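Each chain, letter by letter, is given below.
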Amino acid sequence: MAAQQDRLCELLGTELPIVQAPMAGVQGSALAIAVSNAGGLGSLPCGMLAPDDIRSEVSRIAAQTSKPYNVNFLCHTPPPFDPERDASWRRVLSTYYQELGVDPPPPGPSALARAPFDDAAVELIAALKPPIVSFHYGLPPARLLARVKAWHPVVMSSATTVDEATWLEEHGADVIIAQGLEAGGHRGMFLVDALTTQLGTFALVPQIVRAVRVPVLAAGGIADAAGVLAALSLGAAGVQVGTSYLLCPETTTSPLHRARLASPAASHTAVTNVFTGRPARAIVNRLIAEIGPMNPAAPPFPLATPAFMPLRAQAEARGSSDFSFLLAGQNTTGCQQRPAADITKELASRL
Ligand SMILES: Cc1cc2nc3c(=O)[nH]c(=O)nc-3n(C[C@H](O)[C@H](O)[C@H](O)COP(=O)(O)O)c2cc1C
């Protein structure tokens with residue numbers, strides 16, 4: 001157990017085998033800086049950031065910590081825009097446009113869509129040379145990954161099945177993040193579509209550990225020091241924790257999201273595609289309850305998003321989270337309004 005942990009810490013250059021999960025939409029550099037300075041690995045999610053923001057946020061991290069940090073990108077293949085699919089999705093949402101008195105946005109992909117890792121992104125981060133780079137939804141094409149590997153960062157990516165883990169190892173990942181079904185946020189699944197293939201952390205981690213040689217991080221449902229110990233005794237070299245950081249003052253989690261996380265509603269989550277087109281675990285709210293959790297009309301990721309954005313904006317302006325994307329994992333018991341350094345140290349307190 002200790003040998004795996006030491007190997008991971010040596011590889012990442014961290015004191016603790018605790019990785020703060022990158023969480024697009026709810027955090028920027030402040031959370032990453034706090035966790036890295038506390039001895040864990042802080043992460044910056046870049047999947048929803050414009051190039052200038054990536055540059056300034058990474059520069060901020062590099063200026064405010066001398067410790068290692070991780071930058072995270074998505075690597076999906078953007079689907080072509082399908083006007084018919086988009087129209088049927090709008091029909092599903094039409095009663096809500098009427099109820100809230102908002103106009104649907106003009107048809108077409110939105111500029112706000114989550115962008116995959118591309119030549120421009122590699123150009124940008126090659127100048128900053130982050131020591132660790134992680135990916136969600138597989139790995140970028142070999143040509144781009146070779147450019148990343150040129151500055152010898154540690155490359156990590158999420159696997160949701162044993163086959164995805166062995167694929168990632170064969171294609172150049174140095175660390176595998178075993179993402180159990182309990183995890184908050186988007187499923188990292190990239191070789192499979194069926195949710196029936198998705199395993200809980202307790203079943204997934206030991207099977208991946210047996211199948212690969214690289215260190216494995218356990219992710220999904222880990223919310224306290226006992227959970228960390230359990231993950232390590234299943235053979236994980238460390239953990240990646242997201243949900244437990246959501247209420248930290250260093251995050252940008254919205255007030256409505258915070259209120260839901262702190263309420264009994266947080267104990268009811270579901271894997272849903274109604275916000276982006278890809279399965280993601282979120283707290284069940286009105287939209288998920290009424291048209292989800294999985295709706296076959298939702299266009300593929302990330303094209304489902306633009307059509308519901310006006311509903312979300314209008315509802316939130318009225319103080320309602322009925323149409324908000326309230327990402328969270330199944331275990332929200334670790335969510336506390338405390339500095340991220342305290343959460344990190346507490347997670348590591350039984351090591
Ligand atoms: C709000 C939120 C946003 C997330 N965004 C990302 C992301 O941008 N990139 C990524 O690789 N993983 C993302 N994840 C998934 C995490 O990497 C990780 O699998 C998950 O947080 C672990 O489970 P836990 O939330 O139960 O700790 C997100 C998770 C949450 C809760």
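This report concerns the structure included in the present document.

Parameters and conventions
Residues numbered from 1 in each chain as written. Predicted model: local features only at pLDDT ≥ 70, side-chain atom pairs only at ≥ 80, totals over all residues. Heavy atoms only, no water. Near = heavy atom within 4 Å. Polar contact = N/O pair within 3.5 Å; in protein donor to acceptor, adjacent residues only side chain to side chain. Areas by Shrake-Rupley, 256 points an atom, 1.4 Å probe, with all protein chains shown as cover. Nonpolar A, V, L, I, M, F, W, Y, C, P; charged D, E, K, R; others polar. Buried < 20%, exposed > 50% of the residue type's maximum accessible area, 1.4 Å probe, protein only. Helix = DSSP H or I, 4+ residues; strand = E, 2+ residues; numbered from the N terminus. Arc of directions from axis to C-beta. Contact = heavy atoms within 4.5 Å. Salt bridge = Lys/Arg side-chain N within 4 Å of Asp/Glu carboxyl O. Pairing = 2+ DSSP bridges. Axes fitted to C-alpha atoms, helices over the stretch in contact; angles between N-to-C directions. Core = buried A, V, L, I, M, F, W, Y, C linked by side-chain atoms within 4.5 Å.

1. Observations concerning the site of the ligand
Okay, so step 1: In the vicinity of the ligand there are 20 residues, among which Pro-22, Asn-72, Gly-221, Gly-242 and Thr-243 approach most closely.
Okay, so step 2: In this structure, an oxygen atom belonging to the ligand sits 3.2 Å away from a main-chain N or O atom of Ala-24.
Okay, so step 3: At 2.5 Å, a side-chain N or O of Thr-243 approaches an oxygen atom of the ligand.
Okay, so step 4: When the ligand sits alone it has 600 Å² of accessible area, and the protein chains cover 97% of it.
Okay, so step 5: Grouping the amino acids of the shell around the ligand by side-chain chemistry returns 10 nonpolar, 10 polar and no charged.

2. Brief notes about helix H5 (residues 119-126)
Okay, so step 1: Within H5, burial applies to Ala-121, Val-122, Leu-124 and Ile-125. Angularly, the buried residues of H5 cover 160° about the axis, an arc narrow enough to put them on a single face.
Okay, so step 2: Its buried side turned inward, H5 meets helix H3 (51-64), strand S3 (69-74), strand S4 (132-136) and helix H6 (142-149).

3. Overview of the pattern of salt bridges
Okay, so step 1: Inspection of every chain in the model, using the stated rule, returns 14 salt bridges.
Okay, so step 2: Note that Asp-322 and Arg-286 form a salt bridge whose closest N and O atoms lie 4.0 Å from each other. Here Asp-322 is found in the loop between helix H12 (305-317) and helix H13 (340-347), whereas its partner Arg-286 is found in helix H11 (residues 286-291), with 36 residues between them in sequence.
Okay, so step 3: Under the relative-accessibility criterion, Asp-322 is labelled partly exposed at 24%.
Okay, so step 4: In this structure Arg-286 comes out as partly exposed when scored by relative accessible area, which is 22%.

4. Description of the sheet that holds strand S5 (residues 154-159)
Okay, so step 1: Reading across the sheet, the 8 strands line up as S1-S9-S8-S6-S5-S4-S3-S2 and stay open at both edges, with parallel pairing between neighbours. Sheet topology places strand S1 (18-20) and strand S2 (42-45) at the edges, where each strand pairs with a single neighbour. Within this sheet the neighbouring strands show an average axis-to-axis angle of 25°, counted without direction.
Okay, so step 2: Pairing analysis gives 3 bridges linking S1 to strand S9 (residues 238-241), with the strands arranged parallel. For Val-19, the partnering residue across the bridge sits in S9 and is Gln-240.
Okay, so step 3: In the packing of helix H7 (residues 162-170) onto the sheet, the strands contacted are S5 and strand S6 (175-179), and the crossing angle to S5 comes to about 160°.

5. Describing the nonpolar core
Okay, so step 1: If you look at the biggest cluster of nonpolar residues, it comprises 67 residues, and the most contacted ones within it are Val-71, Phe-73, Phe-117, Phe-135, Ile-176, Ile-208 and Tyr-245.
Okay, so step 2: It is helix H2 (residues 29-37) that provides the largest number of residues to this core, a total of 5 residues.
Okay, so step 3: In contact with Val-71, not counting residues within four places along its chain, are Leu-44, Cys-46, Val-58, Ile-125, Pro-130, Ile-132, Val-133 and Ser-134.
Okay, so step 4: Residues Tyr-96, Val-102, Phe-275 and Ala-282 belong to the second largest nonpolar core, which totals 24 residues.

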